[in-house]
Structures are given as structure tokens and as C-alpha cells.
Amino acid sequence: MTLFSRLFKLFISVIITPLFVTGVFLFYYQDHSKTAILENYFNLADISASYIKRNIGESAARLDFLGQAASSYEGQSAAFENILNDSVKSNPEIIFAALLGKDGKELFRSEANDASRILGSIDISQDPSFGSINDKDISISYVDYTLDRPLIEIIYPLSNGNYIFAVLDLSGVWYSVGMQRLGVTGGLYLASEEGFLNFNILPAPKISGGALSEVLNKDNGLIKSVRSEQGDKFVGAYAQTILPGVYVLALQYGKEAFYTITLTSWIIAFFILATTTLSYFAAYNFSKEISEPIERLTEGAQEISSGKFDVSLDTSESWGEFEILINTFNEMASRLSVYQAVQLDKLLDEKKKIDMLAGLMRDGLIMCTLQGRLLFANATANKILESDALCGDLECTLYGTMARPGLKELTGIKSGTVFAYESEGKKTYFEIVNELFRPANEEAVSIIIFRDITAEHEIRSMKNDIFNAVAHDLRAPIMGLQAYIMILKEGNLDEDKKRKMLDAMDSSSSMLSSLVENILDISRFERGLLTLNKEDFNIAESLNSVITSLKSMADSKGIYIKSAVPSDLMINGDKGLLERVFSNLISNSLKFTERGGIDISYAYISGEGSTAYHQFKVKDSGCGISKEELPKIFEKYHRADRSEKGYGLGLSIVRQTVLAHGGEIEAYSEEGKGSEIIFTLPALEVK
């Protein structure tokens, strides 16, 4: 094969292939970058929608004052009417407010000047949603009173059955949002599926309602393309506002939005084409000038590699640097011949000794130059280098994430970096020790040691397990104590309530002390050293004590905890551990429940023969657990929701306790529909 053929193949593999890959990534870059721009538009639209929601919420919160006043001045119409007028005058965003009776018809009203001509007597009794409004709901909707400004209606139900009806003007809110521009041609707009709303500050693109309706029905919030009536392409994103059917749109002319991406792509494409052309001709010309000297050097190197050190190449037809290279080659061959005769055997013997010594080490040992040339590596180091142990994001490196670091990258890893190596199902942990050795007048050598720290790692893990378990189990009673302390600090309680609070705090304190001891018991149980302290006790009373300690947490979230366990139910078991079972299950449900509540039920189940069981169910109305996470929830340290604080020990402790009592435990859940934990305990005869 000619030199040109070799260089051309090298050109194909080294230059053309990367350029081809670059071209592929160019198209990927375009699509990814466009999506990133649209996602930025979505973030802007979503922030604007959240800003509108926050301002509507703040305005709606002011109606709470009117609701309190309506309750305070019930039956004093003149006094409340004055308060209503003062509220409208002092809050410019409220242009109309009225008190409605239980039948939804107007009793009193107060309005701004321009509201009198658009609102007659208010009667919401015919509104389809009137019958579904209760004292916990606030109805918010967008209305068009042809005032060329954003108005919304709010229906605020009162506890006595009356309603506060108000019309809010969001002009100030929308002005701060709608003035934002996207480049020269884009901006933020309010729209519905019927089209743009008529009070947008910036001129809206002429896009039909049908075109808007089509893009607004997509779930991802991105608008990759929508055509105006003139055929111009616009891109952007949208976000749903708190107002039903009203969206914030971030739109910009497509060519302007993607101008930089398009220009960059053309520049890269031109660079690829130019590089490909120049590289081809360079390979062609270069091969002609260096083919003969390189072929002679290749032949001479092959002879030396075969053990013939008396090689002497002809320099008569050499030129430039090749003449110097061939002369240097001849001198090197002469010196190698002498060196081989004197030192080769000695070096081989020394190498064997070093290889034998390094091979007996459990630690990995590597010697290499700073440029990444390997000088020596023992068996342990070779196995690690051939594995994926050093792949990924190694902390303390100079190079960040590395797919598979080479020796040059390894010399930049700081000492103290730890990684795991797994072989034949056994995981070993190593710590990197990196030292630089600089012999006099010679090239610097990097000595890299992979120090086996598996035993140290296991000891640290064991300590972390203990600390995590302690922190997890102490959290629930401490939170209960903190909640009661906060309530007592407010000082708005009578003596009877204070006494009840102090009793509850005393109960939580006792539970706290008990938990510390129980955590140690669980640790002993996992090592097979714990004996259950079984006794006959009233499980309903124990459960009520647990519920009392967690009640303040439930009240702060507005959810209930109900128990249907018979008040006279006696069981035989370890009272402290079973109380912890209920405490962990209820605390876990409280963490993932935002509305509704937690129901605890009981059933007596007769099995085959004389076998019978006590069955307990803890069911909540929380967010539920996915099918993928459900089989793992009883595993130690597993957390379905990583955003929640904790160590994933609660359900593992529950399972261990139930199994220790000879019972069984199962979990049932569906995303968005809550979760249900069912466990059984043998119905042993109570003495």
C-alpha cells in the first residue's frame, strides 16, 4: 500500500469522520437551540402568569377584610355599606364591590365612576356554578365589559351564606408585564382560544383565533410555529393564567428569534466544507514529498524491532529535516547496539523483580509521564483502567466529567478523590494518591496509587446509618413540640386549652424519650439482638396518643386524622414499637397530603383453622405513589420524592416491626388518588 493511500485513509478516519459527526451535531444543535429559546420564552410566559396570579391573590386577599366586616356588622347595613365604600375608594384596583344575599342577589353595592354604566343589579343565582360554590372556594373569572382593560370577577363566599362580589381592574399589573418586548418584533400578549384580547399594550400579530386555538391545545406550552394572516411564521410559548381560558403568550417573528442559530449553522457548514477540501489536497501533496524518506525510516525501524541494531540508512537522497532525522536514527541505532549488549539483560532482571513486587500489592500502582505515556502499571491498576470505575463525574478533578479518562487526565486528579470498583459482584472503594517525581535532568514522572479504603468506607457507612436513623425517628415528636410551643407563645389561649397543650407536650416529650430507646432497639433487632417486650395493652389509646402528638401538624395543613379503631381493643405486642409504626405511617401520610385527610380503620379477620388477625389500614388522600416506586417504598433509605427531607427509614422500620410481630404489611397506591398501607398482627389471646 502506497504512502498516499495510507495518508488518505488517515485523512478519512481522522478528519472526514469527525467533520461528518460535526455535521450531524450541527443539525442537532439547531433543533436543541431552538427548543432552548422556546423554553426560555415559556419560562418568561410562566413567570408572567405567576405574577398575574400573585397580584390577583393579593387583591382577592383584601376581600377577606370585607368578609370579616360583613360578619362583624351583620344586621348593621349602614355601617357595612360605609366600609364597602371605603374599601372601593382605598383600593384602586377594586372598581366594584357588592354584598349578595344567600340567594345570590345584591343587597348593597359600591362602585367606581366608570363601573356604574356597565353593571346593573347583581344576581348570580342563574350562574351555572352558583350551586357549587362553598365557603372554602373563591370563584375567579375573566369578563369583558368593553372598557378596553383587563377586568375580572371574584365571588367570595362568606361563612354566614352571603357573598362578596367584586370586579378588579388588572391594568396596572398587565402594564408591567405587557410592556416587555422580545427583540424588535415580539412581546408578551394576553389571549384566549378565540384570539388576542383587545387591551394588549403592544400591537399583537394578526393571527386568527383558529390558529391560536390549535397551538394552545398542546400540552408542552411551546409554540414551534404559528402563521399570521399574512403568512408570516411566529414562534414562542404560552402559559395558562389563573383566569380560565386566558393565556400569556410570548411571541416573536421566527426569523428574528432564530437568526443567531441560523447564522452560526451556515458559518460552521462553510468551515466544514473548507476544511475538508484543504485537508484532501494537503494529504495529496504531503505524501509525495515525504514518502521515500519515511519508507526508508520505516524499513530501518522494522529491522531494529527485529533485533538488528547495526542498521545504517543512506542519507544521499534525503532533504531538510529528513536528513537530520535519518542521521539521528543511525546514531541511535549505533548506541542501541552498544547499550543492548551491556544493559539489556540487567534491565530485564530488574523489571521482573519490580513486576513481582507490584503484582503482590492489593493497591493499584501506575507510573507515567505527564504527557500520558505509560511506564508501569500493576495488575490491580490495569483491571481498574479497563473497567468503568473511573468514568463519570469524579470530584476534585481538573477535567470535570470524563467518559473514560486517559493517563494524562489521571495525572490531574487531586489526591483524596474516592471511586468505587466492582468486580464479580463485590464492590471495592479506592482513594487516589497522586505524587509527582522529578528525577534530576530527566522527564518528570507521575506516580498514581489507588489505595484500597473499603474497610474505612464500610465503617463510615455504618456510622451514617445510625445518625440517619436517629434523625429520622426524632423528627416527628420534635415537630409536635415545636408546634405546641409556637401556639403557646401567641398567648391567646385560656387556661383549659393551655393545660391540654401542656399535656400534649408532655406526651410528645415522653414519646421522644421512648423513640430514642426504640431506635437503639431497632439497631439491636437488625443484628438479631432485640427481644420484643410484649404486653397486653389498649391499642386504641396508644393510637389516640400518637394522633394527639401529630394533630398540630395536621391542623397547620388543614387536614383531618380520623381513627375507627374500637376504643376497647386489646392486643398483645410491644407497645412502644407499635406506637412507632402508627407514628411513622401517619407522619408519612401528613407529608404527602395537602387536602382531605387520613383515615385509620380496623378489621378482625378469621383465617383458616384457629388463625386470626388484627388488620389495620392507614389511608390518605395525598398525591399517591407511582407504579415504579411502589415496590421499593419499604426498602431502607429509599425516598419516592427526593425533594422531601428525610432518610427513607420510616417505612423500613415499620416493615421490620410488623414482621417481628409475625404480621404482614402491604401498600396500595395510585398517582393522584392517595395511598393505603395495610398491615396485620396475629390475634393472640389477651391474658
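Given the structure is predicted, the values throughout are model-derived calculations rather than measurements.

Participant: Now, about the packing of aromatic side chains: what can you tell me, with residues and values included?
Facilitator: Scanning all chains against the criterion turns up eleven aromatic pairs. Pairing Tyr-421 with Phe-430 gives two aromatic rings, centres 6.5 Å apart and planes at 55°, and the pair type is tilted. Exposure class is identical for Tyr-421 and Phe-430. Each is buried. The lysine or arginine in question, Lys-562, covers the ring of Tyr-560, its NZ or CZ lying 4.7 Å from the ring centre.

Participant: Just give me the short version of the sheet that holds strand E17 (residues 426–437), but keep the residues and values in it.
Facilitator: With antiparallel pairing, five strands are arranged side by side in an open sheet as E13-E12-E18-E17-E16. Each edge of the open sheet carries a strand with a single partner, namely strand E13 (374–377) and strand E16 (418–423). Strand-to-strand twist in this sheet, taken as the mean axis angle between neighbours without regard to direction, amounts to 25°. Sheet topology note: the strand E12 (residues 364–369)/strand E18 (residues 445–452) ladder contains six bridges and is antiparallel. Along E18, the bridge assignment pairs Thr-369 with Val-445.

Participant: Explain the packing of helix H13 (residues 575–591) against helix H14 (residues 650–660) to me, and be specific about the residues and the numbers.
Facilitator: Running from amino to carboxyl end, H13 crosses H14 at an angle of 145°, the nearest separation of the two axes being 9 Å. Of the two elements, H13 crosses H14, and the hand of that crossing is left-handed. Mapping the contact onto sequence places Leu-577, Leu-578, Arg-580, Val-581, Asn-584, Leu-585 and Asn-588 in H13 and Gly-650, Leu-651, Ile-653, Val-654 and Thr-657 in H14. The residue inventory of the contact of H13 with H14, partitioned by class, reads seven nonpolar, four polar and one charged.

Participant: Any chance you could break down empty space enclosed by the protein for me, citing the residues and the numbers?
Facilitator: Counted under the stated rule, the structure contains four cavities of 30 Å³ or more. The volume enclosed by the largest cavity comes to roughly 70 Å³. Mapped by element, the contributors of at least two residues to the lining of the largest cavity are strand E4 (151–157) and helix H3 (171–178). Classifying every residue of the lining of the largest cavity gives ten nonpolar, one polar and no charged.

Participant: Outline the side chain of Ser-110, listing residues and values.
Facilitator: Summarising the element assignment, Ser-110 is placed in strand E2 (residues 106–111). When neighbours within four sequence positions are excluded, Ser-110 is seen to be in contact with Leu-84, Asn-85, Val-88, Ile-95, Phe-96 and Ala-97.

Participant: Could you give an account of the pattern of salt bridges, naming the residues involved and the relevant values?
Facilitator: Tallied over the full model, the rule gives eight salt bridges. Salt-bridge contacts for Lys-551 lead to Asp-555; the nearest nitrogen and oxygen are separated by 2.8 Å. Taken together, the residues Lys-551 and Asp-555, both in helix H12 (residues 539–557) and four residues apart, mark about one turn of the helix. The partner of Lys-673 in a salt bridge is Glu-670, and the shortest N-O contact between them spans 3.6 Å. Looking at Lys-673, the relative accessible area reads 61%, which means it is exposed.

Participant: Go over the confidence of the model for the protein, please, and point to the residues and values.
Facilitator: Model confidence for the protein is summarised by a mean pLDDT of 78, while 79% of its residues fall at 70 or above. Overall, residues 396–402 carries pLDDT values under 50, and its contacts beyond four positions in sequence, including any with other chains, amount to 22 contacts.

Participant: So, the nonpolar core: which residues are in play, and what are the values?
Facilitator: Ranked by internal contacts, the top residues of the largest apolar core, which has 47 residues, are Tyr-41, Ile-52, Leu-63, Ile-152, Ile-164 and Leu-190. A total of eleven residues in this core trace back to one element, the largest contributor, which is helix H1 (residues 3–72). In contact with Tyr-41, not counting residues within four places along its chain, are Leu-182, Gly-236, Ala-237, Ala-250, Gln-252 and Ala-257. By size, the runner-up hydrophobic cluster in this structure holds 36 residues, among which are Phe-616, Phe-634, Ile-665 and Phe-679.

Participant: Before we move on, can you summarise a nonpolar patch on the surface with the specific residues and values?
Facilitator: Together, Phe-20, Val-21, Val-24, Phe-25 and Tyr-28 make up an exposed nonpolar region whose accessible area comes to about 530 Å². Here Phe-25 shows up in helix H1.

Participant: Hey, could you go over the pairing of E4 for me, with residue numbers and the actual values?
Facilitator: E4 sits mainly inside the fold: seven of its seven residues count as buried. The two faces of E4 match: Leu-151, Glu-153, Ile-155 and Pro-157 on one face and Ile-152, Ile-154 and Tyr-156 on the other face are all buried. As judged from the five bridges shared by strand E3 (residues 139–143) and E4, these two strands associate in the antiparallel manner. Counted as the bridge partner of Ser-139 is Ile-155 from E4. Between the antiparallel neighbours E4 and strand E5 (residues 163–169) lie five residues, among them Gly-161 with a positive phi of about 100°.

Participant: Tell me about helix H8 (residues 379–386), and name the residues and values.
Facilitator: When we look at burial in H8, the residues that qualify are Thr-380, Ala-381 and Ile-384. The buried side chains of H8 occupy one side of the element, clustering within an arc of 95° when seen end-on. Exposed side chains of H8 directed beyond 90 degrees from the buried face belong to Lys-383 and Glu-386. Considering only its buried residues, H8 is in contact with E12, E13, E16, E17 and E18.

Participant: How would you sum up helix H4 (residues 209–216)? Please name residues and give values.
Facilitator: A large share of H4 lies buried, amounting to six of its eight residues. Three or more residues of H4 are buried, namely Gly-209, Ala-211, Leu-212, Ser-213, Val-215 and Leu-216. If you follow the buried residues of H4, they end up packed against strand E7 (186–192), strand E8 (195–196), strand E9 (222–227), strand E10 (233–240) and strand E11 (247–253).

Participant: Tell me about the side chain of Thr-417, and name the residues and values.
Facilitator: Here Thr-417 shows up in the loop between helix H9 (407–410) and E16. There is a polar contact of 3.0 Å between the side chain of Thr-417 and the backbone oxygen of Lys-414.

Basis of the calculations
- Residues numbered from 1 in each chain as written.
- Predicted model: local features only at pLDDT ≥ 70, side-chain atom pairs only at ≥ 80, totals over all residues.
- Heavy atoms only, no water.
- Phe/Tyr/Trp six-rings, centres within 6.5 Å; stacked < 30°, edge-to-face > 60°.
- Buried < 20%, exposed > 50% of the residue type's maximum accessible area, 1.4 Å probe, protein only.
- Lys NZ or Arg CZ within 6 Å of the ring centre and 35° of its normal.
- Pairing = 2+ DSSP bridges.
- Helix = DSSP H or I, 4+ residues; strand = E, 2+ residues; numbered from the N terminus.
- Axes fitted to C-alpha atoms, helices over the stretch in contact; angles between N-to-C directions.
- Left-handed = near helix turned anticlockwise from the far one by under 90°.
- Contact = heavy atoms within 4.5 Å.
- Nonpolar A, V, L, I, M, F, W, Y, C, P; charged D, E, K, R; others polar.
- 1 Å grid on protein atoms, 1.4 Å probe; cavity = no way out; pocket = protein on both sides within 12 Å on 5 of 7 lines; lining within 4 Å.
- Points joined across faces, edges and corners; volume = space filled by probe spheres on them.
- Salt bridge = Lys/Arg side-chain N within 4 Å of Asp/Glu carboxyl O.
- pLDDT = per-residue confidence, 0-100.
- Core = buried A, V, L, I, M, F, W, Y, C linked by side-chain atoms within 4.5 Å.
- Patch = residues over 30% accessible without salt bridge, like charges linked within 9 Å, V, L, I, M, F, W, Y side chains within 5 Å.
- Areas by Shrake-Rupley, 256 points an atom, 1.4 Å probe, with all protein chains shown as cover.
- Arc of directions from axis to C-beta.
- Polar contact = N/O pair within 3.5 Å; in protein donor to acceptor, adjacent residues only side chain to side chain.

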